[in-house]
Amino acid sequence: MSGDGEQVSDLQVGMRLNHVPVEPSGPTAPTGPAAPGNPKGPMGPFVPGGSGDFASTPAQKKAAANTIETELEPNTKKAAEHADTDTGTAQKGFDGWETAAGLKKVADTWDQQVKTLMGRLAAEKTSLRGASGLFTSNDTGIGTQFLTTKSKLNGL
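Residues numbered from 1 in each chain as written. Predicted model: local features only at pLDDT ≥ 70, side-chain atom pairs only at ≥ 80, totals over all residues. Heavy atoms only, no water.

1. Some details on the overall build of the protein
Put simply, the rule reads: Every helix listed is a DSSP run of H or I at least four residues long, and every strand listed is a run of E at least two residues long, numbered separately from the N terminus. By the convention used here, residues are in contact when the closest approach between their heavy atoms is within 4.5 Å. Per-residue accessibility takes into account occlusion by the displayed protein chains alone, with areas from the Shrake-Rupley method and a 1.4 Å probe.
If you tally the helices and strands in the protein, you get three helices and zero strands. In the protein, of all internal contacts separated by at least 6 residues, the share reaching a separation of at least 24 is 56%. Of the roughly 11600 Å² that the protein leaves accessible, carbon and sulfur atoms contribute 61%.

The following block contains the structure:
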C-alpha cells in the first residue's frame, strides 16, 4: 500500500488535472453531502475529483498536459525501471527453479503494460495540447461558412 506521502502526492496531481478540490478516499476520508450542483457527491459524477461538467479552459488543458509530462510520465518510467531491477534480481535468485520462469513472464507482461500506459499518457498529453486549437478551428470554420454562404434572398 502507499504511504501518506504518496497519497498526498496523488491528491496534488488529481487537483492539477481536475482543477477542483480532491478529497481523499478510504476509511479516514471525510464524508458529507453532495457539493452544490454536484448530485453525485463531493467526488463528481464523471471522474474522481471532477466538477460535474466537461468544461475546462485552455490554461487548464495546458496544466494537465504539463502534469502528465513532468510528473506522470517520468514517475511511471521510474517505477517501471525499479520493478524491472527488483524482478531481475529475484529471477537471478531463483535461477534453475520454475519461479524464475514465472518471474520472467510477469516481467514481460509488466513491461508490455507499462509500454501501453506510456503510449496512453503521451496520447492524452497530445490531445490536451491540441484540443484548444481544434475548438478554435471549428468555431472559425463554421463562422466563415456563415459569412460566405449567400442566401437566395440576397439580390432581391
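Okay, back to it.
2. Remarks on the side chain of Glu 73
Which entries qualify depends on this criterion: In the analysis that follows, any N or O atom pair within 3.5 Å is treated as a polar contact, provided that within protein one partner can donate a hydrogen and the other can accept it, and provided that, for residues neighboring in sequence, both atoms belong to side chains.
Turning to its location among the elements, Glu 73 is positioned in helix 2 (residues 58-93). At 3.1 Å, the side chain of Glu 73 and the side chain of Lys 125 are in polar contact. Among all residues touching Glu 73, those that are not within four sequence positions of it are Ile 68, Met 118, Leu 121, Ala 122 and Lys 125.

3. Description of the confidence of the model for the protein
The cut-off we apply is this: Per-residue confidence from the predictor is reported as pLDDT, which spans 0 to 100.
Of the residues in the protein, 62% have a pLDDT of 70 or more, and the chain-wide mean is 75. Taken as a whole, residues 29-45 scores under 50 in pLDDT and shows 23 contacts with residues more than four places along the chain or in a different chain.

4. Comments concerning the environment of Lys 125
If you trace the backbone, Lys 125 turns up in helix 3 (residues 98-148). C-alpha separation for the pair Lys 125 and Lys 62, spaced 63 residues apart in sequence, amounts to 8.7 Å.

5. Points about the pattern of salt bridges
Going by this rule: Salt bridges are identified by distance alone: a Lys or Arg side-chain nitrogen within 4 Å of an Asp or Glu carboxyl oxygen. Categorising residues by exposure relies on relative accessible area from a 1.4 Å probe, with only protein chains included: less than 20% of the type maximum marks a residue as buried, more than 50% marks it as exposed, and the intermediate range marks it as partly exposed.
Overall, the coordinates contain four salt bridges when judged by the stated rule. Salt-bridge contacts for Arg 129 lead to Glu 69; the nearest nitrogen and oxygen are separated by 2.6 Å. Of this pair, Arg 129 sits in helix 3 while Glu 69 sits in helix 2, and the two are 60 residues apart along the sequence. Judged by relative accessible area, Glu 69 falls into the partly exposed class, the value being 37%. In this structure, the salt-bridge partner of Lys 125 is Glu 73, at a minimum N-O distance of 3.1 Å. Linking Lys 125 in helix 3 with Glu 73 in helix 2, this pair joins segments that are 52 residues apart in sequence.

6. Examining helix 2
Every α-helix carries 3.6 residues per turn, so stepping three or four residues along brings you back to the same face. Put simply, the test is: What a helix is expected to span follows from its residue count: subtract one and scale by 1.5 Å. Bend, at a single residue, is the angle you get between axes fitted to the 7 residues ending at that residue and the 7 residues starting at it.
Relative to the 52 Å expected for 36 residues at 1.5 Å per residue, helix 2 spans 51 Å between its end C-alpha atoms, a close match to the ideal helical length. Helix geometry: helix 2 is bent most strongly at Ile 68, by close to 35°. Of the residues making up helix 2, those classed as buried are Lys 61, Ala 64, Ala 65, Thr 67, Ile 68, Glu 73, Thr 76 and Ala 80.

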